[in-house]
Amino acid sequence: MRKLTLAMTGMVSTVLLSAQAFANEAVVGNGFAVPNQSWEHLWHEVLIDLYVIGFIMLVAAVIMLVKYKASSPDQVGTAKELDSVQSIAYALIPAAIFMADDFYLAANGWTVWNDYRRVPESAMEIKVTAYQWYFEFEYPDGTTTDTLVLPHNKPVVFRMTSEDVIHDFGLPVYRVKEDVMPGRITYIWINPVDIRETFVQCAEFCGADHSVMATTLSVVPQAQYNLWLAKMAAEG
Amino acid sequence: MSTPTTAGHHATPAWKEWILTTDHKRIGVMYLVGSMAAFGVAGLMAMIIRLEQMNLGMQIVSSPTQYNGFLYFHGAAMILAFLIPGLTGFAANYFLPLMIGARDVAFPRINAFSIWLFYFAIILALMAFVVPDGPDIMWTGYPPYSVTTAANTSMYVFTVHLLGFSSILGAVNFLVTVIYMRAPGMGWNQLNIFVWTTIAAFVLQLVFIPVLAAAVTLLLFDKYLGTHFYDPSAGGDVLLYQNLFWFYSHPAVYVIFLPAVGILFDVMATMAKNRVFNYKAAVYPGIWGIVAIAGIVWIHHLYVTGMPDWIRLGHMVTTLLISVPVGILTLSLWGTLYKGAITYNTAMMYACSCLYLILLGGLTGIPLAIPSITLHLSETSYVHAHFHFIMALFSAFALFSGIYYWFPKMTGRFADGGLATLSFWLNFVGVNVTFWPLFMIGKEGMPRRYWNYEMFADYQVMGHSFEWFHHIATYGSWIVAAGMLLQTINFIYAAFAGKPASLNPWNSQSLEWTHTESPPGPGNFGDTDVVVDENWSPYDYSK
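Q: Whenever I open this one, the overall build of chain B confuses me. Can you help?
A: Of the regular secondary structure elements, chain B holds 18 helices and two strands. Overall, chain B is about 70 × 55 × 45 Å in size when its C-alpha atoms are taken along their principal axes. For chain B, with 543 residues in total, the buried portion stands at 60%.

Laid out in structure tokens, this is it:
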């Protein structure tokens, strides 16, 4: 029991420490979290978990499948039935191990979740409206466009709704997506710390042209962004 | 056609005897034939989907709508017409009464009605290919799309209704059968694990199907009667449907998973001539733990729908906790091999492959339980590969294991042999070749349900384009197709000309092997009723 208590305490402190590590790591560049970097970190953390469990179980299965091969068709298994104490122990111990692992993963997941959901107050807000089958973007100055250009290093929050069916605003390189629905407003935010050309794609089935419902997203230096926005506003 | 018998009556022709049968074994076989037919057509759809994704641009379908129709049929048929009826229809019908020493189910005529409903549902589902406006709404049928689409949503709704009725009637029937018709002396802790998993699956069907029926009925009303349950412009809510739908459809995963695990336990204990490790833990915290948790995890299907944070995080915890009952069940499965005396045959090879599939499918689900990870992975081919491994492949391979295991009981002949071994390896290698590439590109964002992925044209994973991975996956699907085709030929050949088997060729201790003919005649157990003593166990090999 004391060993178990110790083990649990160990688990909890590991959780707290790694949560701390996540919080520190995510803060770079402009001082705000970079959720897609936290995502990669968490992903690798979880993968290690999967590799360890998978490896142990697979090796155990292979060893038993080889070792306990019957030498004659009349041979029978020799395993004993468990007594009550063993039965309960073999249920409680794995339950405790799995639960500890679950809470550990949940704590890490929760930390990254906060990165994803806590929008910096200074974030630029862009309104997204989805239609079958295109997105429309409204910038803070009222300019509407059908492609996205974002200033480098400036957090952006998208407030999204749909005019017809359910769509989904998917940004694969930023490791985030969220459904865009009629009658509801959803949000996601990103921290574009790299200058890049990428795209937005629809990620919820919305009919015939679902597979081609996409538009470009460019992250450009602030000056270039200002020029672009002025041009779009003029064309408006 | 009918020939007069000595008594002067006309003997019933064989086809009529089958169609009008109330015998649980024949009904079981009819479920098997119907579900395998659905599997064949849905598998064909899968081949077309893979061919279409092989390269950018339109490859084989004539329009995106046609592609969406194929996706709809593939999903709906595989889940509703193959996996659920194959496991709870065929396997439960044929073997559950035999395993508990019952002469039939409690309500044989209701059972016959269930199979009729099932066949009508299959016919209705197949009509999607005949009518000009077959459903294109995926098996999930989310509104508002399913309401605003020009296609025929009512066919989807009525197919779900028919199958739902069929399953509810089956559930009542089998629960009553197990509660009241066990052989005298048979206590609850002497049941085969397959019996436990089946009744757990039926409890889930009974509790949750009405919710799905309500969800799709409201969909029908919205589309054809002008109501606004899911229409936000008139005070409805689009997410109401998704909540109701997944409140059933997540437990439905266990309706498929549990009987598959049950078959696996029975095959492995028999082939390893061993007791089930920690039987009570497998049954109570394991199987019933899954049932208990089944109804409180559905939000993980709605992680990207903008649900409040506290619900998403709450369901992250409950979803992760699924690993507790599943872990206990897995430990029992592994422990059943410990100090066994394992004989290898086709049934056992499929069972061994299931150990790999449950690990791979189960573990790849752990990242998806975490909403911050699913914010990216949702609706990608990673999810698609994950649920194919755990739900489709694990359960289908367990079902195949069961078919090989029980084949001598159903036909008096073995289905094992060169063709069986060859088709097993083709299937096993093929599914890995098909779905591993989808994990890899899915992690980088390859979307599900796309026929084209032009926007990802510049993406590289390990130095290769998405197209390259789709090529591999498509070749994999051809390997599986060859395996399945050979296996079907093997089943048909073996049923008529396979090697004759003795009554209990695997030396099993389970009642369906020790107390019946192959195949069992009407009434199952001849003239003497089955009685078991308190020390009897279907897994007792040590004496």
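Now that the structure has been shown, we can carry on.
Q: Looking at this structure, I do not really get the sheet that holds strand E2 (residues 134-138) of chain A. What am I missing?
A: Within a sheet, each strand pairs with its neighbour through backbone hydrogen bonds, oriented either parallel or antiparallel. All names here are of chain A. Strand order in the open sheet made by the five strands is E3-E2-E1-E5-E8, with mixed pairing throughout. Because the sheet does not close on itself, it has two edges, and the strands there are strand E3 (144-145) and strand E8 (186-190). Where strand E1 (residues 124-131) and strand E5 (residues 156-162) come together, seven bridges link them in parallel fashion. Note on E5: the bridge partner recorded for Thr 129 is Thr 161.

Q: Even after reading the chapter, I still don't get the sheet that holds strand E10 (residues 214-220) of chain A, so can you show me in this structure?
A: Residue and element names in this part refer to chain A. Read from one edge of the open sheet, five strands run E4-E10-E9-E6-E7, paired in mixed fashion. With one partner strand each, in any of the chains shown, strand E4 (148-151) and strand E7 (176-180) form the two edges of the open sheet. Each neighbouring strand pair of the sheet contributes to a mean axis angle of 20 degrees, computed without reference to strand direction. Inspection of the sheet shows strand E6 (residues 167-171) paired to strand E9 (residues 196-202) by two bridges, in the antiparallel sense. Within E9, the residue paired with Phe 169 across the bridge is Cys 202.

Q: Before we go on, may I ask you to explain helix H7 (residues 193-225) of chain B in this structure?
A: Because an α-helix completes one turn every 3.6 residues, residues spaced three or four positions apart along the sequence face the same direction. Residue and element names in this part refer to chain B. The end-to-end C-alpha distance of H7 is 46 Å, a good match for the 48 Å that 33 residues give at a rise of 1.5 Å each. When the local axis directions of H7 are compared, the greatest deviation, roughly 40 degrees, occurs at Phe 208, which is followed within four positions by the proline Pro 210. Immediately downstream of H7, the backbone of Gly 226 shows phi near 75 degrees, a positive value.

Q: What am I meant to see in the domain arrangement of chain A here?
A: Often, the extent of an interface is quoted as the loss of accessible area upon association of its parts. All names here are of chain A. By the assigned domains, chain A splits into domain 1 (2-70 + 82-117) and domain 2 (124-235). Between domain 1 and domain 2, the contact holds nine residues from the first and seven residues from the second. In terms of residues, the side of domain 1 that touches domain 2 owes the most to one element, helix H2 (residues 35-67), which gives three residues. Its residues assigned to classes, the side of domain 1 that touches domain 2 shows six nonpolar, three polar and no charged.

Q: I'm lost on the environment of B:Thr488 in this one. Help?
A: With respect to the secondary-structure elements, B:Thr488 resides in helix H17 (residues 466-497). With 68 residues separating them in the primary sequence, B:Thr488 and B:Ala420 have C-alpha atoms 9.5 Å apart.

Q: Help me out: how do you make sense of the packing of helix H2 (residues 24-53) of chain B against helix H4 (residues 108-126) of chain B in this one?
A: Residues and elements named next belong to chain B. Taken N-terminus to C-terminus, the directions of H2 and H4 make an angle of 15 degrees; their axes are 10 Å apart at the nearest point. Here H2 lies roughly parallel to H4, going by the angle between them. As H2 packs across H4, the resulting crossing turns out to be left-handed. Judged by residue contacts, His 24, Ile 27, Met 30, Tyr 31, Gly 34 and Ala 38 of H2 engage Pro 108, Asn 111, Ala 112, Ile 115, Phe 118, Tyr 119 and Ile 122 from H4.

Q: Before we go on, may I ask you to explain unusual backbone geometry in this structure?
A: Most peptide bonds adopt trans geometry, and most residues besides glycine take a negative phi value. That bond from A:Gln132 to A:Trp133 is cis: its omega, 0 degrees, falls within 30 degrees of zero. Inspection of the secondary structure assignment puts A:Trp133 in the loop between E1 and E2. Omega for the peptide link from B:Ser518 to B:Pro519 comes to -10 degrees, which places this bond in the cis form. Tracing the backbone through its elements, the reader meets B:Pro519 in the segment after helix H18 (511-514). Phi at B:Lys273 takes a positive value of approximately 50 degrees, unusual for a residue other than glycine. Looking at the element boundaries, B:Lys273 is found in the loop between helix H8 (238-271) and helix H9 (279-294). Residue B:Lys273 is classed as buried on the basis of its C-beta count, with 25 C-beta atoms lying within 10 Å.

Q: I keep staring at the environment of B:Met127 and nothing clicks. Help me out?
A: Tracing the backbone through its elements, the reader meets B:Met127 in the loop between H4 and helix H5 (145-148). Residues B:Met127 and B:Met155, spaced 28 residues apart in sequence, show a C-alpha to C-alpha distance of 8.4 Å.

Q: Help me understand the interface of chain B and chain A, please; the structure alone is not making it clear to me.
A: Counting residues at the interface gives 67 residues for chain B and 69 residues for chain A. Contributions of two or more residues to the side of chain B that touches chain A are made by helix H3 (64-99), H5, H9, helix H10 (309-321), helix H11 (323-335), helix H12 (346-363), helix H13 (365-369) and helix H14 (371-377) of chain B. For the side of chain B that touches chain A, the class distribution of residues is 39 nonpolar, 18 polar and ten charged.

Q: Can you help me understand the environment of B:Gly340 in this one?
A: Within the secondary structure, B:Gly340 sits in the loop between H11 and H12. B:Gly340 sits 72 residues away from B:Met268 along the chain, and the two C-alpha atoms are 9.5 Å apart. Among all residues touching B:Gly340, those that are not within four sequence positions of it are A:Tyr68, A:Gly77, A:Ala79, B:Ala272, B:Lys273 and B:Asn274.

Q: For this particular structure, what's the right way to read the pairing of E8(A)?
A: Residues and elements named next belong to chain A. With respect to burial, E8 is a largely interior element, four of its five residues being buried. Strand direction decides the pairing type here: E5 and E8, joined by five bridges, are antiparallel. Within E8, the residue paired with Val 157 across the bridge is Trp 189.

How each quantity is defined
- The numbering scheme is per chain: residues are counted from 1 as the chain's sequence reads.
- Each chain gets a letter, beginning with A, and each ligand a number, beginning with 1, in the order they are written.
- Reporting of local features is limited, given that this is a predicted model, to residues whose pLDDT is at least 70; pairs of side-chain atoms are given and counted only at 80 or more, and all residues count toward the totals for whole chains, interfaces and linings.
- In this description a helix means any DSSP run of H or I spanning at least four residues, a strand means any run of E spanning at least two, and both kinds are numbered starting from the N terminus.
- Residues are called buried when their C-beta atom has 20 or more other C-beta atoms within 10 Å, exposed when it has 12 or fewer, and partly exposed otherwise; all C-beta atoms are positioned from the backbone.
- DSSP-based pairing: two strands are paired if at least 2 bridges between them are found.
- Axis definition: a line fitted to C-alpha atoms, limited for helices to the stretch in contact. Angles are taken between N-to-C directions and run from 0 to 180 degrees.
- A helix's residues, less one, multiplied by 1.5 Å, set its expected span.
- Note that the bend at a residue is defined as the angle between axes fitted to the seven residues ending at it and the seven residues starting at it.
- Each domain span listed reflects an automatic or database assignment of domains.
- We call two residues in contact whenever the C-beta atoms placed from their backbones are within 7 Å.
- Each residue is assigned to one class: nonpolar for Ala, Val, Leu, Ile, Met, Phe, Trp, Tyr, Cys and Pro, charged for Asp, Glu, Lys and Arg, and polar for all the others, Gly among them.
- Just so you know how the angles are binned, under 35 degrees is roughly parallel, over 145 roughly antiparallel, 65 to 115 roughly perpendicular, and the rest oblique.
- Left-handed is the label given to a crossing in which the near helix is rotated counterclockwise from the far helix by less than a right angle, and right-handed is the label when the rotation is clockwise.

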